[in-house]
Amino acid sequence: MAGVTFMPLALGRNVMKNLHAPPPVLSNVGAFSRRCSFKDFSIPWASSHRTYSSHNGRNCIIQSQVGSIQMIAINRPHKRNAVDPETAKYLHEAMQDFEADENTSAAVLYGKDGVFCAGFDLSALASGGYQESLVSTADDVQGPMGPTRFLCSKPVIAAIEGYAVAGGLELALWCDLRVMDETAILGVFCRRFGVPLVDGGTVRLPKLIGLSRALDLILTGREVRAKEALEIGLVNRVCDTGSAVGRALLLAQEISKFPSECMRADRMSAYYSSFDASSIQDAIRYEYENGLKVIEKESIPGAKNFVSGIGRHGSFNLHKTHTKS
């Protein structure tokens, strides 16, 4: 796969060997990642777990906490993690819980058993019982796939393994960043069955990769593999097979080290500029007013840290003072 920039940290594939290993120190999770694949893990060292159970008792959504990072898993591997109405409801609830939790700084969304999400469960659609759900969510914050009409105030990273197609692709597009397994596949596969994109796919895809490329994917429904996805900006990172969840967790921890209110303000300004602003003047006004809110709390202390020597010479070590050489 020449031309693809792979992430330098290779995650091992010895799942069973490490599944019952002692919990690692969270600050050293990168070292643990080198020897343990996250392809089918239950995060045994997580500080808390929560499940959302469907009517048949299956835990269709699983939440785990790793430090300040919330891991949210779609758990319907028998359906390649396709989302039915119940799962959509619980996934939306899980994201609302993440948003309300003051102890979380970012989330990783992934699918159990090495598949991100195969879209909406077509067997539920074929049964004819989903029409009421579609109508009831038309003006709601919950979309047919769950949280796709809800804008979190904190970053969410998609860890894509296996398939992220149709509504599954829309879930990935809803996330802020996408980390993709080198063997994963993206695509608007619902094109084949006459199922429209109703979870923001036609809205977010052109914003991310441009109208021409978006129309290519939307009209043809063709598959997109990792090399092309990275080149056109559909994903942000490509990693080794079976390592997407681990890499997404590390990325979430990396961005969570920064002053949170400033990062969230800039993030919301970017979203406002892309989707809500009526003009460039409106976007700049929003950016300025939104940014002013964090000056006193984070910018002035940050400037004082820089003056004291922290972060000099482009260093991202925010705990070490650098002296002039």
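Our structure is the block above this text.
Rules used in this analysis
Residues numbered from 1 in each chain as written. Predicted model: local features only at pLDDT ≥ 70, side-chain atom pairs only at ≥ 80, totals over all residues. Heavy atoms only, no water. Helix = DSSP H or I, 4+ residues; strand = E, 2+ residues; numbered from the N terminus. Polar contact = N/O pair within 3.5 Å; in protein donor to acceptor, adjacent residues only side chain to side chain. Buried < 20%, exposed > 50% of the residue type's maximum accessible area, 1.4 Å probe, protein only. Axes fitted to C-alpha atoms, helices over the stretch in contact; angles between N-to-C directions. Parallel < 35°, antiparallel > 145°, perpendicular 65-115°, else oblique. Left-handed = near helix turned anticlockwise from the far one by under 90°. Contact = heavy atoms within 4.5 Å. Nonpolar A, V, L, I, M, F, W, Y, C, P; charged D, E, K, R; others polar. Pairing = 2+ DSSP bridges. Salt bridge = Lys/Arg side-chain N within 4 Å of Asp/Glu carboxyl O. Patch = residues over 30% accessible without salt bridge, like charges linked within 9 Å, V, L, I, M, F, W, Y side chains within 5 Å. Areas by Shrake-Rupley, 256 points an atom, 1.4 Å probe, with all protein chains shown as cover. Core = buried A, V, L, I, M, F, W, Y, C linked by side-chain atoms within 4.5 Å.

Caption draft 1: Structural context of the side chain of Gln63. Take Gln63: it is sitting in strand S2 (residues 59-66). Here the side chain of Gln63 touches Gln70 through a polar contact of 2.6 Å, side chain to side chain. Of the polar contacts made by the side chain of Gln63, one reaches the backbone oxygen of Ala94; its length is 3.0 Å.

Caption draft 2: Structural detail: unusual backbone geometry. One non-glycine residue, Arg80, lies in positive phi territory at about 50°. Tracing the chain through its elements places Arg80 in the loop between strand S3 (69-74) and helix H3 (85-100). Not every positive phi belongs to a glycine, and Asn81 is a case in point at roughly 60°. For Asn81, a relative accessible area of 0% translates into the label buried.

Caption draft 3: Region of the structure containing the packing of helix H7 (residues 201-209) against helix H8 (residues 211-220). In the contact formed by H7 and H8, the axes pass within 7 Å of each other and the chain directions differ by 135°. Considering the angle they form, H7 stands oblique to H8. The handedness of the crossing between H7 and H8 comes out as right-handed. Contacts between H7 and H8 involve Thr202, Leu205, Pro206 and Ile209 from the former and Leu211, Arg213, Ala214, Leu217 and Ile218 from the latter. Split into classes, the residues belonging to the contact of H7 with H8 amount to 7 nonpolar, 1 polar and 1 charged.

Caption draft 4: Region of interest: the packing of helix H6 (residues 167-174) against H7. Look at H6 against H7: their axes get within 10 Å of each other, and the N-to-C directions meet at 55°. Between H6 and H7, the angle falls in the class oblique. Like other packed secondary-structure pairs, H6 and H7 cross with a definite hand, here left-handed. Counted together, Glu170, Leu173 and Trp174 of H6 and Gly201, Arg204, Leu205 and Leu208 of H7 form the full contact between these two elements. Across the contact of H6 with H7, the residue classes break down as 4 nonpolar, 1 polar and 2 charged.

Caption draft 5: Expanded view of the sheet that holds strand S9 (residues 223-225). The 3 strands are arranged S6-S8-S9 in an open sheet whose pairing can be described as mixed. The sheet terminates laterally at strand S6 (163-165) and S9, the two strands that pair on one side only. Sheet twist, expressed as the mean angle between neighbouring strand axes with direction ignored, is 25°. Where strand S8 (residues 185-187) lies against S9, 3 bridges are found, and the strand directions are antiparallel. Residue pairing across strands places Leu186 opposite Val224, the latter belonging to S9. Running over the sheet, H6 touches S6 and S8 and is turned about 90° from S6.

Caption draft 6: Local environment of the pattern of salt bridges. Enumeration according to the criterion identifies 10 salt bridges in this entry. Between Lys297 and Glu261 there is a salt bridge, with the nearest N and O atoms lying 2.5 Å from each other. With a gap of 36 residues between them, Lys297 in helix H13 (residues 295-307) and Glu261 in helix H11 (residues 260-276) connect regions that are remote in the sequence. For Lys297, a relative accessible area of 54% gives the class exposed. For Asp282, the salt bridge is made with Arg285, and the minimal N-O distance between the two is 2.5 Å. Here Asp282 pairs with Arg285, and both are found in helix H12 (residues 280-292), just 3 residues apart, close to one helical turn. Assessed through its relative accessible area of 12%, Asp282 is described here as buried.

Caption draft 7: Structural detail: a nonpolar patch on the surface. Residues Leu122, Leu125 and Phe193 make up a contiguous nonpolar surface patch of about 270 Å² in total accessible area. Within the secondary structure layout, Phe193 lies in the loop between S8 and H7. Using a relative accessible area of 52% as the deciding quantity, one classes Phe193 as exposed.

Caption draft 8: View of the nonpolar core. One finds Ile72, Leu109, Phe116, Val156, Ile160, Leu186 and Leu234 to be the most contacted residues of the largest nonpolar core, which totals 51 residues. Counting residues per element, this core draws most heavily on H3, at 6 residues. Apart from residues no more than four positions distant in its own chain, Leu234 is found in contact with Leu173, Arg178, Leu186, Leu205, Ile209, Leu217, Val224 and Ala229. Ala106, Tyr110, Val179 and Ala252 belong to the second-largest nonpolar core, a separate cluster that totals 19 residues.

Shape is all these values report; function is a separate question.
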